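# Structural description and commentary
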Amino acid sequence: KEAKLLKECSVVAEKKKVKAECKAQAKKSLAVSLVLAVGLLVICKYTTFILSNVNSLLSAVNIPQIGMFKMIVPLGVSFYTFMAVSYVLDIYWKRYKAENSLLNYAVYLTYFPHVVQGPIDRYNRFIAQFPQEGISFDGAKVTSGAQLLIWGLFKKLVIADRLNIFVGEIYGNYEEYA
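What counts and what doesn't
Residues numbered from 1 in each chain as written. Predicted model: local features only at pLDDT ≥ 70, side-chain atom pairs only at ≥ 80, totals over all residues. Heavy atoms only, no water. pLDDT = per-residue confidence, 0-100. Helix = DSSP H or I, 4+ residues; strand = E, 2+ residues; numbered from the N terminus. Buried < 20%, exposed > 50% of the residue type's maximum accessible area, 1.4 Å probe, protein only. Contact = heavy atoms within 4.5 Å. Core = buried A, V, L, I, M, F, W, Y, C linked by side-chain atoms within 4.5 Å. Expected span 1.5 Å × (residues − 1). Phe/Tyr/Trp six-rings, centres within 6.5 Å; stacked < 30°, edge-to-face > 60°. Axes fitted to C-alpha atoms, helices over the stretch in contact; angles between N-to-C directions. Parallel < 35°, antiparallel > 145°, perpendicular 65-115°, else oblique. Nonpolar A, V, L, I, M, F, W, Y, C, P; charged D, E, K, R; others polar.

### Some words on the confidence of the model for the protein
- When the pLDDT values of the protein are averaged, the result is 84; 92% of them are 70 or greater.
- Per-element confidence in the protein is highest for helix α7 (residues 139–172), whose mean pLDDT is 93, and lowest for helix α5 (residues 112–117), whose mean pLDDT is 62.

Written out as structure tokens, the structure is:
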């Protein structure tokens, strides 16, 4: 957008004004994004801690306390937050262009192997692995994936669970089998 506006400007003063306006808008967008991301993290992880401290202060001055509540913290909320902050900062610093597809951005944030083992991957390295023309449906790949899934379930539910009976007995009473 900035490049398009700059092409329309013929005077240096206009270009400076456009750059300043774009920079101001980028700072506002960055601030809103960071407040949302970090705010959600604070709400999810630190609400109980903050409320207990506020209630301690309120009880010291004989003011009614705020009701406490329990929240289930989403798994990996810190990891997702740091990935989102990393993406927003990289866009702000113009390391790469913002993603137009919400689906691609959501896939980047929720890519399961990274959530489980880390590290926080850069968006440009992650998205480079996507085909530029999009992802098409391939029945053979779906069939192959379903076969792998079923084979894995078989190994877990039939083989591993049956062996667990013997292994559990031996490890549970290893003195008798030594």
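We are not done yet, so read on.
### With respect to the environment of phenylalanine 126
- Topologically, phenylalanine 126 is positioned in helix α6 (residues 123–127).
- For phenylalanine 126, a relative accessible area of 4% corresponds to the buried category.
- Those residues within four positions of phenylalanine 126 in sequence are excluded, and the remaining contacts are Val107, Tyr108, Tyr111 and Asp121.

### A look at the nonpolar core
- Ranked by size, the top nonpolar core spans 15 residues in total, and within it Met83, Tyr87, Tyr105, Tyr108, Leu109 and Tyr123 carry the most contacts.
- If you list the elements that add at least two residues to this core, you get α3 (77–92), α4 (102–110) and α6.
- The element best represented in this core is α3, accounting for 6 residues.
- If we ignore the near neighbours within four places in the chain, the residues touching tyrosine 87 are Tyr96, Ala98, Glu99, Tyr105, Tyr108 and Tyr123.

### A short note on α3
- Look at α3: 22 Å from first C-alpha to last across 16 residues, which is about the 22 Å you get at 1.5 Å a residue.
- Here α3 lies mainly inside the structure; 12 of its 16 residues are buried.
- Here α3 has its buried residues at Val77, Ser78, Phe79, Thr81, Met83, Ala84, Val85, Ser86, Tyr87, Val88, Asp90 and Tyr92.
- Note on α3: the residue one or two positions beyond its end, lysine 94, has a positive phi of about 60°.

### Description of the packing of aromatic side chains
- On inspection of all chains with the given rule, the structure shows 5 aromatic pairs.
- Where tryptophan 151 meets phenylalanine 154, the ring centres are 5.5 Å apart and the plane angle is 20°; that geometry is what we call stacked. Of the two residues, tryptophan 151 and phenylalanine 154 both sit in helix α7, 3 residues apart, roughly one turn of that helix.
- Accessibility expressed as a relative area gives 37% for phenylalanine 154, which makes it partly exposed.

### Describing the side chain of asparagine 55
- Inspection of the secondary structure assignment puts asparagine 55 in helix α2 (residues 12–60).
- The buried category is assigned to asparagine 55, whose relative accessible area is 5%.
- Residues in contact with asparagine 55, not counting those within four places in the same chain, are Gln65, Ile66 and Met68.

### Details of the packing of α2 against α3
- At a closest axis distance of 10 Å, the pairing of α2 and α3 adopts a crossing angle of 175°. Put simply, α2 runs roughly antiparallel to α3. Only Val77, Ser78, Thr81, Val85, Val88, Leu89 and Tyr92 of α3 make contact with α2, whose side of the interface consists of Lys23, Ala26, Lys27, Leu30, Ser33, Leu34, Ala37, Val38, Leu41, Cys44 and Lys45.
- By residue class, the composition of the contact of α2 with α3 is 12 nonpolar, 3 polar and 3 charged.

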